[in-house]
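# Observations on the three-dimensional arrangement
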Amino acid sequence: MPDVIWVSLTLEETMAVIDEGVLSGTITGQLLDSYVLQAGEGRCVVSVYQQFYSRAGGKLTLTVTADDFEGTTRVHAVSGGGESPLTSFNWGATEVYENRVMNALLEYQVRR
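Residues numbered from 1 in each chain as written. Predicted model: local features only at pLDDT ≥ 70, side-chain atom pairs only at ≥ 80, totals over all residues. Heavy atoms only, no water.

Secondary structure assignment for the protein yields two helices and five strands. Of the regular secondary structure in the protein, the N- to C-terminal order runs β-α-β-β-β-β-α. Of the contacts made within the protein by residues no fewer than 6 positions apart, 55% connect residues no fewer than 24 positions apart. Per element, the accessible surface of the protein, about 6,300 Å² overall, is 53% carbon and sulfur. (Helix = DSSP H or I, 4+ residues; strand = E, 2+ residues; numbered from the N terminus. Contact = heavy atoms within 4.5 Å. Areas by Shrake-Rupley, 256 points an atom, 1.4 Å probe, with all protein chains shown as cover.)

Structure representation (C-alpha cells):
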C-alpha cells in the first residue's frame with residue numbers, strides 16, 4: 001500500500017477519519033501529540049500516535065503528516081519501533097499500523 005494518499009476531505013475531516021481509524025478498537029493506542037503549521041494559505045498537521053503491538057514485542061509509533069498545500073489534502077504515514085537490540089525486524093507490525101491510516105482513507109482517495 002502506498003505511504004502517500006490524496007483524499008477529497010478537508011484537513012480537519014481527514015484528521016478526524018485518521019484518529020478514528022488509528023484509535024478505534026485499541027486499548028493501548030493513543031495520540032501522543034498533534035501540531036499544526038500554517039504556511040500562507042496552506043496548513044500541515046503532524047500527528048504522532050503510539051500503540052503496543054505484542055508481535056513487535058513493544059510499542060510502535062506512527063507519524064502522520066497531512067497537508068493541503070496543493071489544494072487537495074495529502075497524507076503520508078510512517079511507523080517504526082518494536083525492534084530489539086538482537087533483532088532488526090518487527091514481524092510486519094509497522095506495516096499493519098501504517099495500513100490503519102490508509103485503509104481508513106481509501107473511500108476518500110482521489111487520483112493524482
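Moving on, we get to the nonpolar core. Formed by 17 residues in total, the largest nonpolar core has its most connected members in Ile-18, Tyr-49, Leu-62, Val-64, Val-75, Val-101 and Leu-105. Within the residue set of this core, elements represented by two or more residues are β1 (4-7), α1 (11-23), β3 (42-53), β4 (58-67), β5 (73-81) and α2 (93-105). Here the element with the most residues in this core is α1; it accounts for four residues. (Core = buried A, V, L, I, M, F, W, Y, C linked by side-chain atoms within 4.5 Å. Buried < 20%, exposed > 50% of the residue type's maximum accessible area, 1.4 Å probe, protein only.)

Position of Thr-14 relative to the elements: it lies in helix α1. A polar side-chain atom of Thr-14 sits 2.8 Å from the main-chain carbonyl oxygen of Thr-10. (Polar contact = N/O pair within 3.5 Å; in protein donor to acceptor, adjacent residues only side chain to side chain.)

Here four bridges tie β1 to β5, and the two strands are oriented antiparallel to one another. Looking at β5, one finds that Ile-5 is bridged to Val-75. With eight bridges joining them, β4 and β5 adopt antiparallel strand pairing. Note that in β5 the partner of Thr-65 across the bridge is His-76. Count of turn residues in the β4/β5 antiparallel hairpin: five residues, of which Gly-71 carries a positive phi of about 90°. (Pairing = 2+ DSSP bridges.)

To continue, consider the environment of Tyr-108. Mapping Tyr-108 onto the fold places it in the segment after α2. It is 5.1 Å that separates the C-alpha atoms of Tyr-108 and Val-7, two residues lying 101 residues apart in sequence. For Tyr-108, the contacting residues outside a window of four places in its chain are Trp-6, Val-7, Ser-8, Leu-9 and Val-17.

We now examine the environment of Glu-41. Along the chain, Glu-41 turns up in the loop between β2 (30-39) and β3. Looking at Glu-41, the relative accessible area reads 79%, which means it is exposed.

A few words on α1. For α1, which comprises 13 residues, the first-to-last C-alpha distance of 18 Å matches the rise-based estimate of 18 Å (1.5 Å per residue) to within 8%. Those residues of α1 not exposed but buried are Leu-11, Thr-14, Met-15, Ile-18, Gly-21 and Val-22. The arc enclosing the buried residues of α1, seen along the axis, measures out at 125°, which places them on a common side. (Expected span 1.5 Å × (residues − 1). Arc of directions from axis to C-beta.)

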